[in-house]
Amino acid sequence: MADRLGDDIPQWASYFDAAEHAGARVVSARDLAGTVGSQAASTHFTDALELRKPGFDRVRVMDRIGLAAALFSGGAPEQAAAEAQQALDDAARIDSTLVESRLNTLLDAARLYRTAAVDVVRARAADVAAARPTPLAA
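The paragraphs below set out a description of the structure included in this document. Positions within a chain are numbered from 1, following the residues in the order the chain's sequence is written. Predicted model: local features are reported for residues with pLDDT of at least 70 only, side-chain atom pairs are reported and counted for 80 or more only, and whole-chain, interface and lining totals are derived from all residues. Note that the side-chain values use all heavy atoms of the structure and ignore hydrogens as well as water.

1. Regarding helix H4 (residues 77–91)
Note on helix geometry: an α-helix contains 3.6 residues per turn, so any two residues three or four positions apart are oriented the same way. Counting from the N terminus, the helices are DSSP H or I runs at least four residues long and the strands are E runs at least two residues long. Multiplying 1.5 Å by the helix residue count minus one yields the expected span of that helix. An ideal rise of 1.5 Å per residue puts 21 Å on 15 residues; H4 measures up with 20 Å between its terminal C-alpha atoms. Type-normalised accessible area, obtained with a 1.4 Å probe on protein chains alone, sets the label of each residue: buried when under 20%, exposed when over 50%, and partly exposed for intermediate values. By the burial criterion, the buried members of H4 are Pro-77, Ala-80, Ala-81, Glu-83, Ala-84, Ala-87, Leu-88, Asp-90 and Ala-91. Residues are treated as being in contact if the distance between any of their heavy atoms lies within 4.5 Å. Of the surrounding elements, those touching the buried residues of H4 are helix H3 (57–73), helix H5 (97–110) and helix H6 (116–130).

Right, dumping it as structure tokens:
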């Protein structure tokens, strides 16, 4: 028996660190956004990004896209557009259908805004999605 709490955690469970916990809070905040607002979601996305360890590039891209979408939903389109640009830079290097689906979430959140910065985000997101080498990428 382990002397300390956590010493007997199976190897497969070690993946669930503080960053994953923040990510799980994000999903909850996102799902509740219609009833409690999206400000909490952007906070959790920020936490997840700060806590995420190297080597989780795809999840980091999804967190960054989620942060931008949450900022759009929270009424901060200029900050959202800036975060979206960084997310799109990262997304262009990741071949993932899941990342591509998150880009649709980003575009949906941005639909209310018609500014030059948001229009650039829309165009870049469409370009990144179109550049996917295969529709079955993982």
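That covers the picture; the talk isn't over yet.
2. Quick notes on the pattern of salt bridges
The term salt bridge refers to a pairing of a side-chain nitrogen on Lys or Arg with a carboxyl oxygen on Asp or Glu at a separation within 4 Å. Taken as a whole and judged by the stated rule, the model has seven salt bridges. In this structure, Asp-108 engages Arg-111 in a salt bridge whose closest nitrogen and oxygen atoms are separated by 3.5 Å. Residue Asp-108 is classed as partly exposed on the basis of its relative accessible area of 45%.

3. Side note on the packing of H3 against H5
Axis geometry follows a simple rule: fit a line to the C-alpha atoms, using only the stretch in contact for helices, then measure angles between N-to-C directions, giving values from 0 to 180 degrees. Where H3 contacts H5, the axes come no closer than 8 Å and their chain directions differ by 10°. Overall, the two elements H3 and H5 adopt an arrangement that is roughly parallel. Contact residues: H3 offers Arg-58, Val-61, Met-62, Ile-65, Ala-68, Ala-69, Phe-72 and Ser-73, while H5 offers Leu-98, Val-99, Arg-102, Leu-103, Thr-105, Leu-106, Ala-109 and Ala-110. Gly counts as polar in this scheme, as do all residues outside two lists: the nonpolar Ala, Val, Leu, Ile, Met, Phe, Trp, Tyr, Cys and Pro, and the charged Asp, Glu, Lys and Arg. Here the contact of H3 with H5 is composed, by residue class, of 12 nonpolar, two polar and two charged. Here roughly perpendicular refers to angles of 65 to 115 degrees, roughly parallel to angles under 35, roughly antiparallel to angles over 145, and oblique to all remaining angles.

4. Notes on the environment of Ala-68
Mapped onto the elements, Ala-68 comes out in helix H3. In sequence terms Ala-68 and Gln-86 are 18 residues apart; their C-alpha atoms lie 9.3 Å from each other. In contact with Ala-68, not counting residues within four places along its chain, are Ala-80, Glu-83, Ala-84 and Leu-106.

5. Some points on H3
The end-to-end C-alpha distance of H3 is 24 Å, a good match for the 24 Å that 17 residues give at a rise of 1.5 Å each. Within H3, 13 of the 17 residues are buried, which leaves the element mostly enclosed by the surrounding structure. Remark: Gly-75 follows H3 within two positions and exhibits a positive phi of approximately 85°.

6. Details of the nonpolar core
We define a nonpolar core as any set of buried Ala, Val, Leu, Ile, Met, Phe, Trp, Tyr and Cys residues linked to one another through side-chain atoms lying within 4.5 Å. Among the nonpolar cores identified, the biggest contains 30 residues, and Ile-65, Phe-72, Val-99 and Leu-106 are the most heavily contacted of them. Sorting the residues of this core by element identifies helix H2 (39–51), H3, H4, H5 and H6 as the ones contributing at least two each. At 10 residues, the largest contribution of residues to this core is made by H3. Those residues in contact with Ile-65 that lie beyond four places of it in its chain are Ala-87, Ala-91, Val-99, Arg-102, Leu-103 and Leu-106.

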